[in-house]
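Observations on the model geometry
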Amino acid sequence: MTHPEADLRIAFSPCPNDTFVFDAWAHGRVPGAPALDVTFADIDITNGVAERRDPAFDVLKVSYAVLPYVLDDYALLPCGGALGRGCGPLVLTREPGVDLTGKTVAVPSEKSTAYLLFRLWTADVVPGGVGEIVVMPFDEIMPAVRDGKVDAGLVIHEARFTYQNYGLHSLADMGEHWESTTGLPIPLGAIIAKRSLGEDRLRQIADAVRTSVRMAWDDPQASRPYVLEHAQEMDPSVADQHIGLYVNEFTADLGENGYAAIRGLLTRAAAEGLVPALGPGALAFP
């Protein structure tokens, strides 16, 4: 039995949206919430932690794409995650208008929402199918496309704003395709917690996350030192834009549209054979 005064072990990314969301709770300002023991880790690391069922962590920030593999042991929290609009991954090429049939495409991960959106897009617009998929570190993708090592690259985050520096063209915006075909936001990052914590504890965690988000909105300056300390040399105005894009009404509560987006993405991906199908009630909380 976990006692309320015991630390809760959590891992999330050092990105501004996560530090903004968890600042109040991490610093003991959420009344009645358990003390947090925070580890910073990039999302590809936390995805692996969840898949391994690593006992070292109780709560994790992961990609929505990993949920079908882990929801037997973890519950999806109805808050704290990232869903957005106008923030989708891009497919970049050296020349505009390339036909990707049979072509080699570099991607940062095959266990990401970006990859699922890419595969759903290709199912619609590249009927012959792309060729080889090459997984490579995110920061090597644009140089690889520029240097002709691959025919196209799937990029995320700030690459949206820097790809022109590499002389590259945006062939398609995966988020735009998703939003125009579904009308729903793009599910990016989820907060999950071990089901073994029990229903009361899970509800307590969700309440603490919600309160922490609202406190950050009520007093944005309070989270500033924590955000900038971990934002890895990021310009403060870029950190603000990042928070503005990824911390929104879905962070406080997934709501009907949030759940519809998650279910829509994972159901379509399962139909394409990209992920296992979700069991009934897999997304229910707690």
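Check the entry above for the structure.
Report on the accompanying structure. (Residues numbered from 1 in each chain as written. Predicted model: local features only at pLDDT ≥ 70, side-chain atom pairs only at ≥ 80, totals over all residues. Heavy atoms only, no water.)

As for the nonpolar core
Among the nonpolar cores identified, the biggest contains 52 residues, and Leu60, Leu67, Leu76 and Phe118 are the most heavily contacted of them. Grouped together as the second largest cluster of nonpolar side chains are 29 residues, Leu8, Val209, Tyr226 and Val247 included. (Core = buried A, V, L, I, M, F, W, Y, C linked by side-chain atoms within 4.5 Å. Buried < 20%, exposed > 50% of the residue type's maximum accessible area, 1.4 Å probe, protein only.)

Description of the pairing of strand β11 (residues 186–194)
For β11, a buried count of eight out of nine residues is recorded, marking the element as mostly surrounded by other parts of the structure. Relative to β11, strand β3 (residues 59–63) is paired through five bridges, and the arrangement is antiparallel. Its bridge partner being in β11, Lys61 is matched across the sheet by Ile191. In this structure, strand β4 (residues 74–76) lies alongside β11, joined through three bridges in antiparallel fashion. Considered in β11, the bridge of Ala75 is made with Ala193. (Helix = DSSP H or I, 4+ residues; strand = E, 2+ residues; numbered from the N terminus. Pairing = 2+ DSSP bridges.)

Topic: the layout of surface pockets
Each pocket or cavity is described by its volume, and for the largest pocket that value is around 1200 Å³. Lining the largest pocket are 40 residues, and of these Cys15, Ile43, Ile156, His157 and Glu158 sit closest to its centre. Counting only elements with at least two residues in the lining of the largest pocket, the list comes to α1 (16–26), α2 (43–51), β3, α4 (113–125), β11 and α10 (236–246). With five residues, the single largest contributor to the lining of the largest pocket is α10. Taken together, the residues that form the lining of the largest pocket break down as 21 nonpolar, 13 polar and six charged. (1 Å grid on protein atoms, 1.4 Å probe; cavity = no way out; pocket = protein on both sides within 12 Å on 5 of 7 lines; lining within 4 Å. Points joined across faces, edges and corners; volume = space filled by probe spheres on them. Nonpolar A, V, L, I, M, F, W, Y, C, P; charged D, E, K, R; others polar.)

Some points on α2
Of the positions making up α2, those classed as buried are Thr46, Asn47, Gly48, Val49 and Ala50. One or two residues past the end of α2 sits Arg53, with phi positive at roughly 55 degrees.

Digging into the sheet that holds strand β7 (residues 105–107)
Spatially, five strands are ordered β8-β7-β9-β6-β10 in an open sheet, and the strand pairing comes out mixed. At either margin of the open sheet sits one strand with a lone partner, and together these are β8 (133–135) and β10 (169–173). Pairs of neighbouring strands in the sheet enclose a mean axial angle of 30 degrees, with direction left out of account. As defined by bridge partners, β7 adjoins strand β9 (residues 152–155) across two bridges and the pair is classed as parallel. Within β9, the position partnered with Ala106 by the bridge is Gly153. Running at roughly 130 degrees to β9, α4 makes contact with β6 (90–93), β7, β8, β9 and β10 of the sheet. Along the sheet, helix α7 (residues 174–182) makes contact with β6, β9 and β10, crossing β10 at roughly 25 degrees. (Axes fitted to C-alpha atoms, helices over the stretch in contact; angles between N-to-C directions. Contact = heavy atoms within 4.5 Å.)

Some thoughts on the side chain of His242
Along the chain, His242 turns up in helix α10. We classify His242 as buried; its relative accessible area is 14%. A distance of 3.0 Å separates polar atoms of two side chains, one belonging to His242 and the other to Asn17. Setting aside residues no more than four positions away along its own chain, His242 makes contact with Cys15, Pro16 and Asn17. (Polar contact = N/O pair within 3.5 Å; in protein donor to acceptor, adjacent residues only side chain to side chain.)

What about the pairing of β6?
Taking every second residue as pointing to the same face, both faces of β6 are buried, with Leu90 and Leu92 on one and Val91 and Thr93 on the other. Note that β6 and β9 share four bridges and pair antiparallel. Note that in β9 the partner of Leu92 across the bridge is Gly153. Pairing of β6 with β10, which is carried by four bridges, proceeds in the antiparallel orientation. Across the sheet, Val91 pairs through a bridge with Ala172, a residue of β10.

Concerning the side chain of Ser63
When you line up the elements, Ser63 lands in strand β3. Take Ser63: its relative accessible area is 5%, and that puts it in the buried class. With near-sequence residues (within four places) excluded, Ser63 lies in contact with Ile43, Asn47, Lys111, Ser112, Thr113 and Leu188.

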